[in-house]
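One-letter residues, chain by chain:
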Amino acid sequence: MQYMRSVPSAGEPLDLIDLKFLPAWVKEDWSAPRHAEWEEVQEPWPRGGEQRRDHPPRGPRREQKNRDRRDRSLRDERRMPDRRDRQRSRDFPARREAPAPPPLPQLEIHFLPQAAAFENVAAQIKSGTIAYSVYALARLFLQKPERYHVRVKTKEASPLFRLGESNAVSTNRSALEDSAFRLMREKFYETKVTLNDPIKGDFNSVARERTTGTLLGPTNHHSYQPQLRRFYEQRFSRRMSFLDFQRQIENVSDPALVEQWKEEARKATTFVTRQEEPAQTFNTEAEAERHFREKYLPDLITETPEAEIDGVTSRRLPDRGIARLIENAWSAEVRSPSSMMQELTGRSRGTGLQIFRHRKGMLFVSPIRLKPIDESAVSDSVRQILETLKASPRINRKELAEKLIAPQTEPAEAEKTKLSLASDLHWMIREGHVIEFNDGSLDLPRAKPPKKETGEGAPEPPPATAAATTDGSENLTLPRETAGATTETASTETAAIATVVPSENVDLVRTEGASET
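Quantities reported herein were computed from a predicted structural model and do not represent experimental measurements.

Rules and cut-offs
Residues numbered from 1 in each chain as written. Predicted model: local features only at pLDDT ≥ 70, side-chain atom pairs only at ≥ 80, totals over all residues. Heavy atoms only, no water. Helix = DSSP H or I, 4+ residues; strand = E, 2+ residues; numbered from the N terminus. Buried < 20%, exposed > 50% of the residue type's maximum accessible area, 1.4 Å probe, protein only. Contact = heavy atoms within 4.5 Å. Core = buried A, V, L, I, M, F, W, Y, C linked by side-chain atoms within 4.5 Å. Phe/Tyr/Trp six-rings, centres within 6.5 Å; stacked < 30°, edge-to-face > 60°. Lys NZ or Arg CZ within 6 Å of the ring centre and 35° of its normal. Lys, Arg positive; Asp, Glu negative; His and termini not counted. Salt bridge = Lys/Arg side-chain N within 4 Å of Asp/Glu carboxyl O. Polar contact = N/O pair within 3.5 Å; in protein donor to acceptor, adjacent residues only side chain to side chain. Patch = residues over 30% accessible without salt bridge, like charges linked within 9 Å, V, L, I, M, F, W, Y side chains within 5 Å. Areas by Shrake-Rupley, 256 points an atom, 1.4 Å probe, with all protein chains shown as cover. Charge placed at Lys NZ, Arg CZ, Asp CG, Glu CD. Axes fitted to C-alpha atoms, helices over the stretch in contact; angles between N-to-C directions. Parallel < 35°, antiparallel > 145°, perpendicular 65-115°, else oblique. Left-handed = near helix turned anticlockwise from the far one by under 90°. Nonpolar A, V, L, I, M, F, W, Y, C, P; charged D, E, K, R; others polar.

(A) Structural view of the overall build of the chain. Scanning the chain from N- to C-terminus turns up 19 helices and 21 strands. Here the chain holds 517 residues, and the buried ones make up 35% of them. Restricting the contact set of the chain to residue pairs at least 6 apart, pairs at least 24 apart contribute 69%.

Below, the structure written as structure tokens:
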């Protein structure tokens, strides 16, 4: 009834507070006396055919209950936690903030082309007449870890430890010692697996680790606790505490899993030494690791200022700090492969290949030494090719033929002109008078400007016609180049940047109509 009286009439603005969504003690005005209002609103309620008898107003009593409830809630907040609360806090500890990651080690990272892969690429470049972008070649080697090596060098006094002749390196000697047995076990020990007698006894359940699904055995079996501790040390000790690890263990009442555990538990693994006479046999992995630490480990750990490791190993190093540092350096190198480009230019010069700059400072490698041609001592057909390339640089063979052969030419005459054009162009490319890039485009090398003379009458250098010098560069960013198609009479020599292969073989295939990054 109170709600009905408070509803506004039609046309009046509706106030949401009048819908009584909040508790009564919040919305009511407690400053005004409530006795008269309650007595006025209260009406008899029929029950069992009889009228309810009158009773005293309940306004003050409800107010007292609300006040007692507020006081009780305040006391509950101030009181000490009881035994049940303390037990709950032990079972579910408060969430701890993740610790800050340790700082990365101070090391220098350099990427080198894999020797066999580089020799394969250099041989393919020498077999043709095509010029390749050093930038694209560098990214080609960085695409897969089988094609590059990583050189790690210490800075200042930071120590670097290496495990024998392997690729395992670390800045933490103890961490490298902990993973040494796992990395070198196959070299020093032979692992043999035999089957023992079936396990006897009735087991209704088996413990299983949730995330990996590894069966650890029944909790009442004598091997459960050693297996639990060993599995934690091998897989989870660096990620979580032993108490958190135990919360991931569940008991599964599945007869099939119990039988599976019985078959796995029958397997007995022994370790036999490979480099000792007579050979020693160890029944457990812990015994073999103890023997490894005493016999071999002291002579395996060495300190070195730098180490070179292959790309595959660099992605799964036991030292997470170095692995993260190499990953960051690789990402930066892919965006701007200056280190790899420097290595490629140096090794290319060592094999007799020519390194030159082209337009906008881009580096290219070619088997041919470039030299501009004297236009005054050439035939008319060669002069037409040179003039066309001056007017339209970076065109391909097909576009060059379309510009030099008129559409009205007879088919027989057009075919003869194509053969002559292909012969002249082939000679010019072989002699270094014209550059043919791996995308099929053609251009002229730049003539070296004459040296400036000192004095007032020093002549100005002539304008450049194309681009190309023979000096190297370290940091370059290459713009995109547009490729074109070739004519039917184009040279059959093949070369290019494209598909790659196993670690030691990198094939270069000519790219037609593709673009260079």
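Picking up where we left off.
(B) Representation of the nonpolar core. If you look at the biggest cluster of nonpolar residues, it comprises 37 residues, and the most contacted ones within it are Leu137, Val150, Ile326, Met340, Leu344 and Val365. Listing elements by their share of this core, those giving two or more residues are β3 (107–113), α6 (115–126), α7 (134–142), β5 (148–154), β15 (306–310), α15 (320–335), α16 (338–350) and β17 (363–366). For this core, the element with the most residues is α7, which contributes 7 residues.

(C) Local environment of the packing of aromatic side chains. Scanning all chains against the criterion turns up 17 aromatic pairs. Between Phe203 and Trp261 the ring centres are 5.6 Å apart and the planes differ by 80 degrees, which places this aromatic pair in the edge-to-face class. Here Phe203 is found in the loop between β8 (189–195) and β9 (206–209), whereas its partner Trp261 is found in helix α11 (residues 255–265), with 58 residues between them in sequence. On the accessibility criterion, Phe203 (17% relative accessible area) is buried. Owing to a relative accessible area of 4%, Trp261 belongs among the buried residues under this scheme. Between Phe242 and Phe245, the ring centres sit 6.1 Å apart and the planes meet at 40 degrees, which makes this aromatic pair tilted. Of this pair, Phe242 and Phe245 are both found in helix α10 (residues 242–246), 3 residues apart, which corresponds to roughly one turn of the helix. As far as the burial class goes, Phe242 and Phe245 line up, both buried. Ring pairing ties together the aromatic residues Phe181, Phe188, Tyr189, Phe282, Phe292 and Tyr296, which thus form one cluster. Here the basic side chain of Arg229 rests over the ring of Phe242, its NZ or CZ set 3.8 Å away from the ring centre. One cation-aromatic arrangement involves Arg315 over Trp330; the distance from NZ or CZ to the ring centre is 5.3 Å.

(D) Examining the environment of Arg316 more closely. On the secondary structure map, Arg316 appears in the loop between α14 (311–314) and α15. With relative accessibility at 62%, the residue Arg316 sits in the exposed group. Expressed as a C-alpha distance, the spacing of Arg316 and Ala168, which sit 148 residues apart in the sequence, is 9.2 Å.

(E) Region of interest: the side chain of Arg162. Mapped onto the elements, Arg162 comes out in strand β6 (residues 161–163). Of the buried charged residues, Arg162 lacks a salt bridge, with Glu165 as the closest side chain of opposite charge at 5.7 Å. A polar contact of 2.9 Å, which involves the side chain of Arg162, links it to the backbone oxygen of Ser166. For Arg162, the contacting residues outside a window of four places in its chain are Asn167, Ala168, Val169, Leu176, Leu300, Ile301, Thr302, Thr304, Ala307 and Glu308.

(F) Main features of a positive patch on the surface. Residues Arg182, Arg235, Arg238, Arg239 and Arg320 make up a contiguous surface patch of positive charge. Tracing the backbone through its elements, the reader meets Arg235 in helix α9 (residues 224–235).

(G) Representation of the packing of α7 against α15 within the structure. The geometry of α7 relative to α15 is characterised by a closest axis approach of 9 Å and an angle of 150 degrees between their N-to-C directions. Between α7 and α15, the crossing angle belongs to the class labelled roughly antiparallel. For the crossing formed where α7 meets α15, the hand is left-handed. Of the residues in α15, those in contact with Tyr135, Arg139 and Leu142 of α7 are Trp330, Glu333, Val334 and Arg335. In terms of residue class, the contact of α7 with α15 is made up of 4 nonpolar, no polar and 3 charged.

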